[in-house]
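What follows is the residue order along each chain.
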Amino acid sequence: MFRVMVNRERGRILVTGKEKDLGLLDEGWELVYESFDWEDAFEYAMEIADDEIVEWYYDEEVKKKFVKGLSIAT
């Protein structure tokens, strides 16, 4: 599950598939979107971003592209 979390006070948006990041909810972050697809979550984050900084884990992006590449090859 990939989540988009927002911290409006800090002007940051996080796209994450890491369960540990749910702990950010206790630190003022808000869960605004969930998807089983990383690209859907990332696109949503980019759509809602205004002046906020959008952050994501590079390894999750690479893994998604690798898995997608495997499915095309088969």
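Scroll up to find the structure.
Predicted model only: the values in this text are computed from it and were never measured.

Undergrad: Please clarify how the pairing of strand S2 (residues 12–16) should be interpreted in this entry.
TA: Regular strands place side chains that alternate from one sheet face to the opposite one. Across the five residues that make up S2, a large majority, four, are buried. Where strand S1 (residues 2–7) lies against S2, five bridges are found, and the strand directions are antiparallel. Residue pairing in the sheet places Arg 3 in a bridge with Thr 16 of S2. In this structure, the hairpin formed by S1 and S2 is closed by a connection of four residues, where Gly 11 is found at a positive phi of approximately 70°. Of the strand pairs in this sheet, S2 and strand S4 (residues 53–56) are connected by four bridges, and their pairing is parallel. The residue bridging Val 15 from the neighbouring strand is Trp 56, located in S4.

Criteria and thresholds
Residues numbered from 1 in each chain as written. Predicted model: local features only at pLDDT ≥ 70, side-chain atom pairs only at ≥ 80, totals over all residues. Heavy atoms only, no water. Buried < 20%, exposed > 50% of the residue type's maximum accessible area, 1.4 Å probe, protein only. Helix = DSSP H or I, 4+ residues; strand = E, 2+ residues; numbered from the N terminus. Pairing = 2+ DSSP bridges.

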